[in-house]
Amino acid sequence: MVETQLRASAEARYADELSRLAAADDGRRPAGWVLSARAVRKFILGDESLRVTRKFYGDDPLVDRAIVSLMSHQGLMLVGEPGTAKSMLSELLTAAISGQSGLVVQGSAGTTEDHLRYAWNYALLLAEGPSERALVPSPVLSAMREGRIVRFEEITRCPQEVQDALISILSEKTLAIPELGADRAVQARPGFNVIATANLRDRGVHEMSSALKRRFNFETVRPIDDPAFERELILKQLAERLGAVEVRVSGEVEVAELLVQTFQDLRTGRTREGIGLNRPDAVMSTAEAVNVLHAAALDAAYLDDGRITGRHVASQIQGVILKDSAEDGKRFKAYIDHIVKERAGRSGPWRDFYQAARALKLV
């Protein structure tokens with residue numbers, strides 16, 4: 001059956017896995033958690049015996065440290081380059097620990113303290129005055145009341161004075177509501193915590209204060225450096241996306257190999273043969289690679305014969321390369337003219353990729 005929504009929440013997508021984990025979970029559960037710490041780890045990193053799939057590919061010890069952080073009094077800060085699955089990891093942790101991942105604050109220049117504290121239904125406020133009925137809780141306040149985890153996406157996109165509204169919440173686990181009375185305050189229930197994310201490229205936009213940094217344990221989510229892991233993840237993501245719309249293609253395994261090698265070469269500035277490259281400014285993340293392969297698959301399925309080739313990848317990859325800097329086109333062209341040209345003589349997918357990439361208007 002075709003999905004009726006573009007993207008379900010993690011707890012909905014993996015409801016069967018969460019149910020199996022809960023049924024088999026005999027571990028010690030931290031206060032307020034719906035699963036034990038060991039079960040949370042299995043949900044994210046997989047458990048074949050329970051038919052639970054791996055969902056995060058990369059640094060397994062980072063997942064362990066993140067789980068421990070969320071059991072402590074510290075919040076968890078996930079930082080890294082764009083597209084390194086920070087938000088995905090945040091959502092998975094929240095779904096497994098709290099049972100639902102929908103309490104989210106999206107950081108932006110327009111985020112205000114009301115998004116972190118509370119606002120008012122002004123019609124009720126004028127009619128009744130300050131009351132519980134007129135109060136509109138923020139995701140943070142709801143998480144405190146319910147003993148859940150709240151996610152704060154792209155925290156450094158917010159002005160520092162807005163960020164700092166979290167300091168007392170993380171320190172005291174209390175949020176005062178003086179409009180309802182001098183002594184009215186919400187005390188966080190067990191299970192409450194905050195997972196924040198920030199892109200390294202946004203540092204300097206609104207740097208976090210030292211006081212707020214001290215309330216978080218920082219973890220850096222790095223790009224996947226294992227080609228086999230990255231290829232497995234990309235193919236899995238592609239299968240999920242195409243399966244949702246009942247589209248079938250062929251040739252994806254060979255093309256995924258080419259795509260991963262290209263992204264790893266450009267991301268690291270060094271080919272597998274040891275040749276140095278000028279790294280593009282564009283984000284060559286796994287998330288972008290998934291988008292490229294997905295677009296190539298749709299191109300092949302709807303505009304061609306259903307077999308993905310290097311030509312389809314070349315056609316779609318320029319949308320990633322030509323995004324941040326005009327110089328990136330020149331850097332990618334040099335990569336095509338030297339590295340890809342040499343590989344084209346040994347492989348059909350690389351030959352198709354080379355011939356199509358040469359025709360791109362990159363500069």
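All of the points below concern the structure found in this document. Since the model is a prediction, treat every value here as computed from it, not as a measurement. (Residues numbered from 1 in each chain as written. Predicted model: local features only at pLDDT ≥ 70, side-chain atom pairs only at ≥ 80, totals over all residues. Heavy atoms only, no water.)

### So, the overall build of the protein
Right, on to step 1. A tally of helices and strands in the protein yields 16 helices and 9 strands.
Right, on to step 2. With respect to the principal axes defined by its C-alpha atoms, the protein has extents near 75 × 45 × 40 Å.
Right, on to step 3. Across the 363 residues in the protein, those meeting the buried criterion constitute 48%.
Right, on to step 4. Pairs at least 24 apart in sequence give 71% of the contacts found in the protein among residues at least 6 apart.
Right, on to step 5. As presented, the protein carries roughly 17400 Å² of accessible surface, and 49% of it is formed by carbon and sulfur atoms.
Right, on to step 6. On the protein, the mean spot of the 48 positive side-chain charges and the mean spot of the 50 negative ones are 2 Å from each other. (Helix = DSSP H or I, 4+ residues; strand = E, 2+ residues; numbered from the N terminus. Buried < 20%, exposed > 50% of the residue type's maximum accessible area, 1.4 Å probe, protein only. Contact = heavy atoms within 4.5 Å. Areas by Shrake-Rupley, 256 points an atom, 1.4 Å probe, with all protein chains shown as cover. Lys, Arg positive; Asp, Glu negative; His and termini not counted. Charge placed at Lys NZ, Arg CZ, Asp CG, Glu CD.)

### Quick word on the pairing of strand E8 (residues 193-199)
Right, on to step 1. For E8, the buried fraction is high: 7 of the 7 residues fall into the buried class.
Right, on to step 2. In this structure, strand E1 (residues 75-80) lies alongside E8, joined through 5 bridges in parallel fashion. Paired with leucine 76 across the bridge in E8 is isoleucine 195.
Right, on to step 3. Sheet analysis places strand E5 (residues 149-153) next to E8, joined by 4 bridges and oriented parallel. Bridge assignment links isoleucine 149 to a residue of E8, and that residue is asparagine 193. (Pairing = 2+ DSSP bridges.)

### Here we look at the packing of aromatic side chains
Right, on to step 1. In the structure shown here, the tally under the stated rule is 5 aromatic pairs.
Right, on to step 2. Judged by centre distance (5.5 Å) and plane angle (85°), the ring pair of tyrosine 57 and phenylalanine 229 falls under edge-to-face. Of this pair, tyrosine 57 sits in the loop between helix H3 (37-45) and helix H4 (60-71) while phenylalanine 229 sits in helix H11 (residues 227-244), placing them 172 residues apart in sequence.
Right, on to step 3. Residue classification places tyrosine 57 among the buried positions, given a relative accessible area of 5%.
Right, on to step 4. The cationic tip of lysine 55 hangs over the ring face of tyrosine 14; the distance from NZ or CZ to the ring centre is 4.8 Å.
Right, on to step 5. Arginine 343 extends its terminal NZ or CZ atom over the ring of tryptophan 350, reaching a point 4.8 Å from the ring centre. (Phe/Tyr/Trp six-rings, centres within 6.5 Å; stacked < 30°, edge-to-face > 60°. Lys NZ or Arg CZ within 6 Å of the ring centre and 35° of its normal.)

### A few points about unusual backbone geometry
Right, on to step 1. Although it is not a glycine, arginine 51 sits at a positive phi angle of roughly 55°.
Right, on to step 2. Although it is not a glycine, lysine 173 sits at a positive phi angle of roughly 55°.
Right, on to step 3. Relative to the helices and strands, lysine 173 resides in the loop between helix H9 (165-172) and strand E6 (174-176).
Right, on to step 4. The buried category is assigned to lysine 173, whose relative accessible area is 16%.

### Structural notes on the nonpolar core
Right, on to step 1. The biggest cluster of nonpolar side chains holds 41 residues, and the ones touching the most others in it are Phe263, Val313, Phe332, Tyr335, Ile336 and Phe353.
Right, on to step 2. Residue assignment for this core shows that the elements contributing at least two residues are H11, helix H12 (252-268), helix H13 (286-303), helix H14 (310-321), helix H15 (327-344) and helix H16 (348-358).
Right, on to step 3. Residue contacts for phenylalanine 263: discarding those within four places in its chain leaves Met284, Ser285, Glu288, Ala289, Val292, Ile317 and Val320. (Core = buried A, V, L, I, M, F, W, Y, C linked by side-chain atoms within 4.5 Å.)

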